[in-house]
Amino acid sequence: MADTEVSWEDFKKEAASLADRARDEGSIVLFRGQASSEWRLQTTLERSGLLEEVADYYRTALRVKPEVEAYTGLTWSDEPSIYEIERDVLAGYDTFSSVMLRGSLPHYSYLAYLRHHGFPSPLLDWSASAMVAAFFAFRGADAENVAIYAFRERDASGMKTGGSDEPVIRLLGPYVAAPKRHFAQRSYYTVCTQWQEVSPYFLEHTNVCKPFDPKADFQQDILFKFVLSNSQRREVIRELAEYNLSAYTLFGSEEGLMESLAMRAEFD
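The model shown is predicted, which means the values in this text are computed figures rather than measured ones.

Caption draft 1: Representation of the pairing of strand β5 (residues 187–196) within the structure. Judged by how many residues are buried, β5 sits mostly within the fold: nine of 10 residues are covered. Direction of pairing for strand β2 (residues 124–127) relative to β5: antiparallel, over a ladder of four bridges. Bridge assignment links Asp-125 to a residue of β5, and that residue is Tyr-189. When strand β4 (residues 168–172) meets β5, the two strands line up antiparallel, connected through five bridges.

Caption draft 2: Geometry of helix α8 (residues 130–138). Across the nine residues of α8, eight count as buried, placing the element largely inside the fold. Within α8 the residues assigned to the buried category are Ala-130, Met-131, Val-132, Ala-133, Ala-134, Phe-135, Ala-137 and Phe-138. N-cap assignment for α8: the residue whose side-chain oxygen lies 3.2 Å from the backbone N of Met-131 is Ser-129.

Caption draft 3: Structural view of helix α7 (residues 108–116). Across the nine residues that make up α7, a large majority, nine, are buried. Of the residues flanking the end of α7, it is Gly-118, one or two places downstream, whose phi is positive at about 95°.

Caption draft 4: A look at the packing of aromatic side chains. Here the structure, examined in full by the defined rule, presents 13 aromatic pairs. With centroids separated by 5.8 Å and ring planes inclined at 80°, the aromatic side chains of Phe-136 and Phe-251 adopt a geometry described as edge-to-face. Here Phe-136 is found in helix α8, whereas its partner Phe-251 is found in helix α11 (residues 247–251), with 115 residues between them in sequence. Linked through ring pairs, Trp-8, Phe-11 and Phe-226 together constitute an aromatic cluster.

Caption draft 5: Spatial organisation of the side chain of Asp-221. Secondary-structure assignment places Asp-221 in strand β8 (residues 220–229). In this structure Asp-221 comes out as buried when scored by relative accessible area, which is 1%. At 3.0 Å, the side chain of Asp-221 forms a polar contact with the side chain of Lys-160. Those residues in contact with Asp-221 that sit more than four places away from it in its chain are Phe-151, Arg-152, Glu-153, Lys-160, Ile-169, Val-208, Cys-209 and Lys-210.

Caption draft 6: The arrangement of the side chain of Thr-193 in detail. For Thr-193, the location among the structural elements is in strand β5. With sequence-adjacent residues up to four places away left out, Thr-193 is seen in contact with Val-54, Phe-96, Leu-101, Glu-166, Pro-167, Val-168, Tyr-201, Phe-202 and Leu-203.

Caption draft 7: Fine view of unusual backbone geometry. Note that the residue after Glu-79, namely Pro-80, is joined by a cis bond; omega there is -5°. Structurally, the position occupied by Pro-80 is in the loop between α4 (65–72) and α5 (82–90). Look at Arg-186: it is not a glycine, yet its phi comes out positive at around 50°. Relative to the elements of secondary structure, Arg-186 occurs in the loop between α9 (180–184) and β5. By relative accessible area, which is 46% here, Arg-186 ends up partly exposed. A positive phi angle is found at Asn-244, which is not glycine, with a value near 65°. Mapped onto the elements, Asn-244 comes out in the loop between α10 (233–242) and α11.

Caption draft 8: Main features of the pattern of salt bridges. All chains considered together, the criterion is met by 18 salt bridges. As a salt-bridge pair, Glu-239 and Lys-12 come within 2.7 Å of each other at their nearest N and O atoms. Taken together, the positions of Glu-239 in helix α10 and Lys-12 in helix α1 (residues 8–24) put the pair 227 residues apart, joining distant regions of the chain. When its relative accessible area of 14% is taken as the criterion, Glu-239 is described as buried.

Thresholds, definitions, all that
Residues numbered from 1 in each chain as written. Predicted model: local features only at pLDDT ≥ 70, side-chain atom pairs only at ≥ 80, totals over all residues. Heavy atoms only, no water. Buried < 20%, exposed > 50% of the residue type's maximum accessible area, 1.4 Å probe, protein only. Helix = DSSP H or I, 4+ residues; strand = E, 2+ residues; numbered from the N terminus. Pairing = 2+ DSSP bridges. Polar contact = N/O pair within 3.5 Å; in protein donor to acceptor, adjacent residues only side chain to side chain. Phe/Tyr/Trp six-rings, centres within 6.5 Å; stacked < 30°, edge-to-face > 60°. Contact = heavy atoms within 4.5 Å. Salt bridge = Lys/Arg side-chain N within 4 Å of Asp/Glu carboxyl O.

Next comes the structure, spelled out in structure tokens:
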């Protein structure tokens, strides 16, 4: 994918055009900001070095769940148990596919909480708002260029294909009992998996996502990449502040408040 630099004004026009077209075709386009255009499209799980086998990840996440609940005062359902998850995801591709790719993602609410609070996660987070993505791109950027990605799961046909020997991306919607920041950030998530021999693994999204091809008759998991110069950071952050987009409004924490105040002082 060629990294063509665009201005902030051009990005806003392109993002609006993508969103309008997707809406007209009964679809949705999602956005993700990254503070360096050199960074790969990776989940925090991929960056952590933890095992990426699906069953192993669930064992780890559910093992720490009682401690998370004890310290936060929150509770999540204990169903399905790790034994049921192991049974379903290791029973073969068809059973795994019915659970992980077409059914309700096990412990989705709990996994969304982990993602928003720093625990390594296989969920790649996106926003329905291009402006929210822009905030995350420019928030603490010190690289020469930042990147804002746009993702569209299905083209105008509304179809999606796949097979047992191929990696696949599943889109997870916004309607889940999740932290307030999930809703403030208009969050969606994607998870990429592949069945490998006897068990499924989480996989990097770049194994599946493809750049938009205007000549293709059919496309899925389409990725657009916009590269913007970090020299526009002051302009962008100031404009987003006018929309009340800040670390405090997007995180709702004391740390977010301090970050927002420091950023305001920097630009004022």
